[in-house]
Amino acid sequence: MEAVIPDPRRSSSTPAPALSPNEAWHQRSGVEVLAQLGVPAAGHTDEAAARLLASDGANELREGKRSSPLRIFAAQFKSLIVWILIAAGIISGLLGDPVDAIAILAIVVLNAVIGFRQEFHAERSIATLKKMTAPQAKVRRGGQVISVPASGIVAGDILLLESGDLVAADARLLSAASLKCVESALTGESEAVTKRTETLEQGDIPLGDRSNMIFMGTSVASGTGEAVVVGTAMRTELGRIAGLLNEADAGHDTPLQKKLNAFGRILMWAALGIVALLFGLGLLRGNNLPELFLTAISLAVAAMPEGLPAVVTVSLALGVRRMARRRVLIRRLAAVETLGSTSVICTDKTGTLTVGQMTVRRFYVAGQHYEVTGDGYGPEGEILFEKRKAEGGHLAPLRELTMGLLACNNAHLAEQDGKWKVIGDPTEGALLAAAIKSGGNPERMALDFPKQHEIPFDSDRKLSTVIRRMPDGELRAFTNGAPGELLARCTQIHTGTEIRALTKEDRDRILAETSLMARQALRVLGSAWGGPTGGQAAAFTSAVVERDMVFVGLTGMYDPPRSEAREAISKCRAAGVRVVMITGDHPNTAAAIAAELGIAKDAAAVTGAELEKMTEEELRDRVAGTAVYARVTAGHKLRIIRALKARGEVVAMTGDGVNDAPAIKGADIGIAMGQAGTEVAKQAADMIITDDNFATIVTAVEEGRGIYDNIRKTLQYLLAGNTAELLLMTLCVVAGLPMPLLPIHLLWINLVTDGLPALCLATDPIDSGVMTRRPRHRAERIANRGFLNAMLLTGLLTAGTAFGVYIHMLKHGTPETARTWAFTVLVFAELLRAFGARSEWTPVWRIPLLTNINLVLVVAASFGLQIGSLHNETFGRFLKTVSIPWSDNFTLLALGAIPLLVLELVKVIRKSARKTAVNDANL
């Protein structure tokens, strides 16, 4: 509902209207906001708050439509191939073949159960967002400060904030004392944001720059403040993200699902064509109509690869297990393959490409440069001087700076579950970690130099000061802040060996170092100290203390890139996968990190403000050449994802914050970080990287490509077998011969002889060269020309061999013997061909046999079962085969090897021709 501006004279007994999240509250003063909402300084009365709660509803995020277990199970039957198999099973039952019908329908149900199990816990993103809201909040109502459930907060309530609070609603600040808020989950910025009450003039301003606003779901890092609530529930920025999650629609089909559905349609029309062709031929020949109908339908059923859905599902499920061992958790089964076709990876910066923790990287003290190693807040790392560990005399100049970093610091570091975390302001946490690496001891600082007074940071001074008592009883003020403002208050400089007057050359050199660090995307902090004398420390003001100070040095810090991210991005580039950075951070910082990681060289970031001015068509054109986006909101990220998808890209989105969740859900595959990631991002994702390592994504892409290759060669293996069966049956029908295969033979071949080796092919080791290929295009079909040519050639060879054997045995024996020989040759040919199907180009004798031991065992067992059916009376009755001499098994094996030998010879010829073509092209 849009905001209605009320009469400023209205008393607090009259409820304020529901508010819009699009109101430019940051452009209005606190007094104006209170007047618009009709709220007195004492806050709402309890009666007014109750009426507003009744009219606007509870301050809770609204959940989207959840998928019930029954609905998730029903979704497993969306595939056209599944429905074709269901129809085939029903028809088999109607034709009097209950064994065929039960087997086919059992496979369909098993396939659905496996898929359901993987997806049962999805669709919980909005529920997790609700957990981010504060359970309790302190408000002023009727002049009294009370604690109320966050769900009871209403527009116009006055919030009281202090360090550690979780913000319960969007609000406009009325007062702020050293107030800093952590907004990284909402905006992507690593460091705490300093808040102030001044009105902002600019209307179109990014979320991260609205310094006089606080937002639901963020937390207070330090300081205190008061703010008037201007947005609750779905009318907050967090609520807007919840709405985007509902719109993002993660229910899209994956590329593999689309390809299998397209293939299913081809298969359906092919089966109908076979029925029509044979039915027409039978009519022309005057065959019995009921018998002709049953024969045609039986052939159509034989055309269906009954094992295909199970093979695909099991292949993906086994891929899930392998990926879990490689620190990737899959939440949606089909996401495994989608990774293999990914052409663009869009990634958040903070916590994904970077460590997600502010880290000091550089010191400038007494005219000397020092490097600081180690990432995050942990004590691991050291100080380097000229690329070597700083020792002895080189450490001496750092002592003064280290003392300043420890003295003017209220943060604490704690190790939790093996990871170091900061309690307090993240920037002060980074300074504390660097001071410890330099040899500082915060416990000794507190004991030997007790704090006497503090002058908090504010946005006007841009300085923070702590006064401590020195061991000799004197007071000393330690100040950290913006270098320019600090230098203006300094008259002396510490050179490492002495204190002397600060010259103009000194100032110019320090400012030049500050500019150099800033260009390298470092946040620069200056340190100085002064010596107030006389009086009580509590009486000192900034005007008294922060003057005639001694400048000590500069500290440069930033959120550093992950050490493994550069190599991972390089691998993506080699694999033809483009990496795009999308962040809520500052454009300069984003561009610098992108250049350091190799995502883009000297490329300016496109900002959210620029995106707002683009039409959808302009954005689709722009995304093709843009690698860095900065100062963007959750809505902007989702627009970028949709624009890339509209260009035919298969898009993966990685992130860890709440602001990433809509884009994660709207991408072809959403990827969340398991350790630093918020629960919202994890529940929106299709897969979770458990070690937060961007390089693991590249491993997952490799796995996905390997799975697709395995599914494709398995599909070709199955369909070539079906083609052979159809050709053999069709030739015999056209020639007026008895049926060479009975329904039990077709089922045995499709489910046992073909199905079991196919499952083993689906688990074949990944080809070592899979990451040197370009990603598949979204529109590329599984059954392309090369696929169909290989399938037809294999089918012709196998059917031709079996047909020749069948004709020969019909002339020299009974139809039952001929059928047994044709059936056995077909089975042997299929089993032997499984070894050749492992590679499209490599001959079977160059593929190590034991690299797929399961295939060897399955083929050996299948040979045993087939031979057993020829020599065991009970088994023979089940498969409707007749007994043959043991010596004939060798003849059948030799005949069954013919298709494999011809196909392998074709591979050798094709590979030689391709090598010749490449050599000719290089001349």
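Residues numbered from 1 in each chain as written. Predicted model: local features only at pLDDT ≥ 70, side-chain atom pairs only at ≥ 80, totals over all residues. Heavy atoms only, no water.

Draft legend 1. Local environment of the overall build of the protein. When its secondary structure is counted, the protein shows 35 helices and 28 strands. In the protein, which comprises 923 residues, the share counted as buried stands at 54%. Counting contacts in the protein only where the partners sit at least 6 residues apart, residues at least 24 apart contribute 71% of the total. Of the roughly 38,400 Å² of accessible surface on the protein, 57% is carried by carbon and sulfur atoms. (Helix = DSSP H or I, 4+ residues; strand = E, 2+ residues; numbered from the N terminus. Buried < 20%, exposed > 50% of the residue type's maximum accessible area, 1.4 Å probe, protein only. Contact = heavy atoms within 4.5 Å. Areas by Shrake-Rupley, 256 points an atom, 1.4 Å probe, with all protein chains shown as cover.)

Draft legend 2. Main features of helix α32 (residues 853-871). For α32, built from 19 residues, the straight-helix expectation of 27 Å at 1.5 Å per residue is met to within 8% by its first-to-last C-alpha distance of 27 Å. Leu855, Val856, Val859, Ser862, Phe863, Gln866, Ser869 and Leu870 are the residues of α32 that are buried. For α32, the buried positions fall inside an angular range of 155° around the axis, keeping them on one side. (Expected span 1.5 Å × (residues − 1). Arc of directions from axis to C-beta.)

Draft legend 3. How the structure looks around a positive patch on the surface. A contiguous patch of positive charge, built from Arg846, Lys911, Arg914 and Lys915, is present on the exposed surface. For Arg846, a relative accessible area of 61% puts it in the exposed group. (Patch = residues over 30% accessible without salt bridge, like charges linked within 9 Å, V, L, I, M, F, W, Y side chains within 5 Å. Salt bridge = Lys/Arg side-chain N within 4 Å of Asp/Glu carboxyl O. Lys, Arg positive; Asp, Glu negative; His and termini not counted. Charge placed at Lys NZ, Arg CZ, Asp CG, Glu CD.)

Draft legend 4. Layout of the sheet that holds strand β25 (residues 628-630). Taking strand neighbours across the sheet as the criterion, the 8 strands line up as β8-β28-β27-β26-β9-β23-β25-β24 in an open arrangement whose pairing is mixed. A single partner strand is all that each edge strand has here, and the edge strands are β8 (328-330) and β24 (606-607). By the bridge criterion, 4 bridges tie strand β26 (residues 651-655) to strand β27 (residues 669-673) in an arrangement that is parallel. In the strand pairing of β27, Met653 is matched with Gly670. Against the sheet, helix α21 (residues 587-597) contacts β23 (578-582), β24 and β25, and its axis sits at roughly 155° relative to β25. Most of the contacts of helix α27 (residues 694-734) go to strand β9 (residues 344-347), to which it runs at about 155°, and overall it touches β8, β9, β23, β26, β27 and β28 (687-689). (Pairing = 2+ DSSP bridges. Axes fitted to C-alpha atoms, helices over the stretch in contact; angles between N-to-C directions.)

Draft legend 5. Structural view of the pattern of salt bridges. Under the defined criterion, the tally for this structure stands at 34 salt bridges. Residue Glu226 pairs with Arg140 through a salt bridge whose shortest N-O separation is 2.7 Å. Of this pair, Glu226 sits in strand β7 (residues 219-231) while Arg140 sits in strand β1 (residues 136-141), placing them 86 residues apart in sequence. As a salt-bridge pair, Asp506 and Arg509 come within 2.7 Å of each other at their nearest N and O atoms. Of the two residues, Asp506 and Arg509 both sit in helix α18 (residues 504-519), 3 residues apart, roughly one turn of that helix. Judged by its relative accessible area of 38%, Arg509 falls in the partly exposed class.

Draft legend 6. Quick look at helix α20 (residues 565-574). Those residues of α20 lying buried are Ala565, Ala568, Ile569 and Cys572. Buried residues along α20 cover an arc of 100° about the axis, so they all sit on one side. Those residues of α20 that are exposed and angled more than 90 degrees off the buried face are Glu567 and Ala574. Along its buried surface, α20 packs onto β9, α13 (349-353), β23, α21 and α27. Gly576, located one to two residues past α20, shows a positive phi value of around 80°.

Draft legend 7. Inspection of the side chain of Arg172 at higher detail. Within the fold, Arg172 resides in strand β4 (residues 170-182). No salt bridge forms around the buried Arg172; measuring N to O, its nearest opposite-charge neighbour Glu32 is 7.0 Å away. Engagement of the side chain of Arg172 in a polar contact is seen with the backbone oxygen of Thr197, the distance being 3.0 Å. (Polar contact = N/O pair within 3.5 Å; in protein donor to acceptor, adjacent residues only side chain to side chain.)

Draft legend 8. Representation of the packing of helix α30 (residues 785-812) against helix α31 (residues 815-836). Contact geometry of α30 with α31 gives a least axis separation of 8 Å together with a crossing angle of 155°. As the angle between them shows, α30 and α31 are arranged roughly antiparallel. In the packing of α30 onto α31, the handedness of the crossing is right-handed. Contact residues: Thr794, Thr798, Thr801, Ala802, Val805, Tyr806, Met809 and Leu810 in α30; Pro815, Thr817, Ala818, Arg819, Trp821, Ala822, Val825, Leu826, Ala829, Glu830 and Arg833 in α31. Its residues placed into classes, the contact of α30 with α31 shows 12 nonpolar, 4 polar and 3 charged. (Parallel < 35°, antiparallel > 145°, perpendicular 65-115°, else oblique. Left-handed = near helix turned anticlockwise from the far one by under 90°. Nonpolar A, V, L, I, M, F, W, Y, C, P; charged D, E, K, R; others polar.)

Draft legend 9. Structural view of the pairing of β9. Residues Val344 and Cys346 line one face of β9 and the alternating positions Ile345 and Thr347 line the opposite face, and both faces are buried. Sheet topology places β9 next to β23; 4 bridges connect them, and they run parallel. Its bridge partner lying in β23, Cys346 is registered against Val580. The pairing of β9 with β26 spans 4 bridges and is parallel. Of the residues in β26, the one forming a bridge with Ile345 is Ala652.

Draft legend 10. Examining the pairing of strand β19 (residues 490-494) more closely. Where β19 and strand β22 (residues 549-558) come together, 3 bridges link them in parallel fashion. Within β22, the position partnered with Cys490 by the bridge is Met549. The pairing of β19 with strand β20 (residues 499-501) spans 3 bridges and is classified as antiparallel. Along β20, the bridge assignment pairs Ile493 with Arg500. Between β19 and β20, which pair antiparallel and follow one another directly, the connecting turn spans 4 residues, one of which, Gly496, has a positive phi of 105°.

Draft legend 11. Representation of the packing of aromatic side chains in the model. One pass over the full model with this rule turns up 2 aromatic pairs. Aromatic side chains Tyr370 and Phe385 sit 5.3 Å apart centroid to centroid with 45° between the ring planes, which places their arrangement in the tilted category. Highlighted residues: Tyr370 in strand β11 (residues 368-372) and Phe385 in strand β12 (residues 383-385), separated in sequence by 15 residues. For Phe385, a relative accessible area of 11% corresponds to the buried category. (Phe/Tyr/Trp six-rings, centres within 6.5 Å; stacked < 30°, edge-to-face > 60°.)

Draft legend 12. Representation of the confidence of the model for the protein. Considering every residue of the protein, the mean pLDDT works out to 81; 84% of them sit at 70 or more. Predicted confidence is poor over residues 1-22, with pLDDT under 50, and the contacts of this stretch with residues over four places away or in other chains come to 49 contacts. Confidence over residues 121-134 falls short of pLDDT 50; this stretch has 44 contacts with residues more than four positions distant or in other chains. (pLDDT = per-residue confidence, 0-100.)

Draft legend 13. Region of interest: the nonpolar core. Membership of the largest hydrophobic core comes to 60 residues, with the highest contact counts inside it found for Ile599 and Met687. Tallying contributions element by element places α27 first for this core, with 7 residues. Not counting residues within four places of it along the chain, the set of residues in contact with Met687 comprises Val328, Leu329, Ile330, Arg331, Leu339, Ile669, Gly670, Ile671, Ala672 and Ala700. Within the second largest apolar cluster, 48 residues are counted, among which are Trp25, Leu61, Leu611 and Ala681. (Core = buried A, V, L, I, M, F, W, Y, C linked by side-chain atoms within 4.5 Å.)

Draft legend 14. Structural context of a nonpolar patch on the surface. A cluster of nonpolar side chains, namely Leu277, Leu281, Leu284 and Val734, defines an oily patch on the protein surface of about 390 Å² accessible area. Of all the elements, helix α9 (residues 255-285) adds the most residues to the nonpolar patch, at 3 residues. Here Leu284 shows up in helix α9.

Draft legend 15. Region of the structure containing the environment of Gly736. Within the secondary structure layout, Gly736 lies in the loop between α27 and α28 (743-753). Classification of Gly736 as partly exposed rests on a relative accessible area of 47%. Residues Gly736 and Gly282, spaced 454 residues apart in sequence, show a C-alpha to C-alpha distance of 9.7 Å.

Draft legend 16. A look at unusual backbone geometry. If you check the backbone angles, Glu386 has positive phi at about 55° while not being a glycine. Looking at the secondary structure, you find Glu386 in the loop between β12 and β13 (388-389). Taking relative accessible area as the criterion, Glu386 reaches 63% and is therefore assigned exposed.

Draft legend 17. Looking closely at the packing of α31 against α32. Relative orientation of the contacting elements α31 and α32 amounts to 170°, with a least axis distance of 10 Å. Between α31 and α32, the angle falls in the class roughly antiparallel. Contact with α31, carried on its side by Thr820, Phe823, Thr824, Val827, Phe828, Leu831, Leu832, Ala834 and Phe835, involves Leu855, Val856, Val859, Ser862, Phe863, Gln866, Ile867 and Leu870 of α32 and no other residues of that element. The class makeup of the residues in the contact of α31 with α32 is 13 nonpolar, 4 polar and no charged.

Draft legend 18. How the structure looks around the environment of Glu649. Residue position: Glu649 is located in the loop between α24 (634-646) and β26. Look at Glu649 and you get partly exposed, because its relative accessible area is 22%. For the pair formed by Glu649 and Thr342, sequence separation is 307 residues and the distance between their alpha carbons is 7.6 Å. There is a polar contact of 2.6 Å between the side chain of Glu649 and the side chain of Ser343.

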